[in-house]
Amino acid sequence: MCAAPRRPVFPPYFPDAMITPDTIDASNRACDEAWRSDYAHLDEQLRRRGLDPDAVVEQAAAFEVAVPSWALGTGGTRFGRFPGRGEPRDVFEKMQDVSVVQRLTGAASRISLHIPWDEPDDPQALREQAAALGVAFDAVNSNTFQDQAGQVSSYKFGSFQHTDLAVRKQAVAHNLHAIDVGAALGSKALTIWLGDGANYPGQTHLRKAWERVRDCLAEVYEAMPLDWNLFIEHKPFEPAFYATVVADWGSSLMLARETGERASCLVDLGHHLPNVNVEQVVARLITAGRLGGFHFNDAKYGDDDLTAGSIKPYQLFLVFNELADALADGALPANPSYMIDQSHNVKDPIEALLQTVDRLQKSWVRALIVRRDALAHYQETNDVLMAEETLREAYETDVSALAAAARKRLGGAIDPVAAFRTSRYREQVAEARAGAAYVPPQSL
Ligand SMILES: [Mn+2]
């Protein structure tokens, strides 16, 4: 017997035929010869360095990153938003777009939902469609940094830090609701980023605000299912321009330690003041045993939410280098939770995500081909120049063919953007998705 799903698993607008294995094969055939030649050269280079390219491909193919539900539509700034054609109109269509990124890269099979922006009316139907598309749910994200229609109390003066117990209770209840939605979808983690803080000296009592945030986090933590993790995301400023409660990794680490074993710190690459050594922050959190996850993006000035690796590609490599090093020597028992957190204001969101996944895969591969024994030797003998050159050697290697090999192994595309453009997916959904409703700018 077979009960009909509450919503068709493949609604009439579902253009399943557009990104099929055939589409991908055709695209791969067009660049296969060039790829083989590039790969042969890279394979030879890596073997000359004493590395095993096949093992690297295997490790590269294991890389996975979650896509946030807010990255599928065009983002915006506080000044405006310029919608693109064929944007997803609801969370079902967002899921469909994530499956496109997954099919082309083989590395993006999970979506991180924002509650309430992408809260499904029917979590079970969404879970069924996701399963049919080969997509699952990553961490859910709560939102107490803005007011929603029908909300009783306002977060104008904060949520967890608020002086009024009723506001704090409402904020905690919202987080518990986000956990319930996530549990229905199969999520296993909650990410909390708070806008709480002060815009002017004197506005809040700095220590009391901290204590209230700590106590609310403890309440949420106690209500989480036992197999869930809590990620605490810090950010130096905005919207609080004078003092943010969870402003830095030190505050985040204190909270994680006081909250419980399954609480850890989430590093958003854009949530640091200029020139902060983010790879060192990562190293510290690994040592503390509290590195929970990442939000990948890039920034020139503030929390710009640009494409990962577009501004500071060497930093991105150095972050992955810390991770590869810690995974190799056992300081990290497993990969932390990798997520993208970008706002695609002027690029096609799907293309930007394909580009991002490729950049992340390549940065990861570069970190995997660092000759660790040589690096350790140069560090131990204080050979500064050769230690630095050992990192540069890996960073300056063109590993595109190896990242493509990993994607090919997973049934993905050698060149995901080319395959996407050839498929004409965007043009076709643009027709099906005519009349998209207004969506306000969204980013975290
Ligand atoms: Mn973030």
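Since we're looking at a predicted model, the values are computed, not measured.

A. Region of the structure containing the overall build of the protein chain. For the protein chain, the helix and strand inventory stands at 15 helices and 11 strands. Taking 2.2 N^0.38 as the reference for a compact globule, 444 residues should give roughly 22 Å; the C-alpha atoms of the protein chain span a radius of gyration of 22 Å, in line with that estimate. Along the first, second and third principal axes, the C-alpha set of the protein chain runs to 65 × 65 × 45 Å. Classification of the 444 residues of the protein chain by burial places 46% in the buried group. Taking as baseline every contact in the protein chain between residues at least 6 positions apart, the subset at least 24 positions apart corresponds to 81%.

B. Region of the structure containing the nonpolar core. Among the nonpolar cores identified, the biggest contains 111 residues, and Ala 60, Val 65, Val 101, Ile 232 and Leu 402 are the most heavily contacted of them. Examining the composition of this core, we find that 10 residues originate from one element, helix α10 (residues 349-368), more than from any other.

C. Structural context of the sheet that holds strand β2 (residues 110-112). Taken together, the three strands give an open sheet; going across it, the order is β1-β2-β3, and neighbouring strands pair in parallel fashion. Here the strands that pair on one side only, and so sit at the sheet edges, are β1 (67-68) and β3 (136-137). As paired elements, β2 and β3 share two bridges and run parallel to each other. By the bridge assignment, Ile 111 is partnered in β3 with Phe 137.

D. Here's a closer look at helix α15 (residues 425-432). Taken together, the buried positions of α15 are occupied by Tyr 425, Arg 426 and Val 429. Each buried residue of α15 lies within a common arc of 90 degrees when the element is viewed along its axis, so the set occupies one face. Among the exposed residues of α15, those pointing more than 90 degrees away from its buried face are Glu 427 and Glu 431. Where α15 is buried, its residues touch α3 (91-105), α10 and α14 (416-423).

E. Spatial organisation of the environment of Gly 302. Note on placement: Gly 302 falls in the loop between β10 (291-296) and α9 (313-329). Since 15 C-beta atoms lie within 10 Å of it, Gly 302 is described here as partly exposed. As a C-alpha pair, Gly 302 and Ala 223 span 79 residues in sequence and 34 Å in three-dimensional space.

F. Layout of the packing of α9 against α10. Interhelical geometry of α9 versus α10 gives an angle of 55 degrees and a closest axis separation of 8 Å. Here α10 runs oblique to α9, going by the angle between their axes. Viewed along their axes, α9 and α10 form a crossing whose handedness is right-handed. Along its contact with α9, which presents Leu 316, Phe 317, Phe 320, Asn 321, Leu 323 and Ala 324, the element α10 presents Ser 363, Trp 364, Arg 366, Ala 367 and Leu 368. Within the contact of α9 with α10, the residues separate by chemical class into eight nonpolar, two polar and one charged.

G. How the structure looks around the sheet that holds β10. Here we have six strands laid out as an open sheet, ordered β4-β5-β7-β9-β10-β11, and parallel in their pairing. Since the sheet does not close on itself, it has two edges, and those belong to β4 (140-141) and β11 (337-340), each with one partner. Pairing of strand β9 (residues 263-268) with β10, which is carried by four bridges, proceeds in the parallel orientation. Bridge pairing in β10 links Asp 268 to His 295. The sheet strands contacting helix α7 (residues 249-259) are β7 (229-233) and β9, and the helix crosses β9 at an angle near 160 degrees.

H. Looking closely at the environment of Glu 87. Among the structural elements, Glu 87 can be located in the loop between β1 and α3. Under the C-beta neighbour-count criterion, Glu 87 is labelled buried, with 21 such atoms within 10 Å. Distance in space between the C-alpha atoms of Glu 87 and Arg 426 is 8.6 Å, their sequence separation being 339 residues.

I. A look at unusual backbone geometry. Residue Pro 116 follows Ile 115 across a cis peptide bond; omega there is 15 degrees. Position of Pro 116 among the secondary structure elements: in the loop between β2 and α4 (123-133). Although it is not a glycine, Glu 238 sits at a positive phi angle of roughly 80 degrees. Residue placement: Glu 238 occurs in the loop between β7 and β8 (243-244).

J. Spotlight on α7. Burial in α7 covers these residues: Trp 249, Ser 252, Leu 253, Leu 255, Ala 256 and Thr 259. On an axial view of α7, the arc spanned by its buried residues comes to 165 degrees, and they lie on one face. Packed against the buried residues of α7 are α6 (206-223), β7, β9 and α8 (278-288). Count one or two residues on from α7 and you reach Gly 260, which has phi positive near 155 degrees.

What counts as what
Residues numbered from 1 in each chain as written. Predicted model: local features only at pLDDT ≥ 70, side-chain atom pairs only at ≥ 80, totals over all residues. Helix = DSSP H or I, 4+ residues; strand = E, 2+ residues; numbered from the N terminus. Rg over C-alpha atoms; globule rule 2.2 N^0.38 Å. Buried ≥ 20, exposed ≤ 12 C-beta atoms within 10 Å, placed from the backbone. Contact = placed C-beta atoms within 7 Å. Core = buried A, V, L, I, M, F, W, Y, C linked by C-beta atoms within 7 Å. Pairing = 2+ DSSP bridges. Arc of directions from axis to C-beta. Axes fitted to C-alpha atoms, helices over the stretch in contact; angles between N-to-C directions. Parallel < 35°, antiparallel > 145°, perpendicular 65-115°, else oblique. Left-handed = near helix turned anticlockwise from the far one by under 90°. Nonpolar A, V, L, I, M, F, W, Y, C, P; charged D, E, K, R; others polar.

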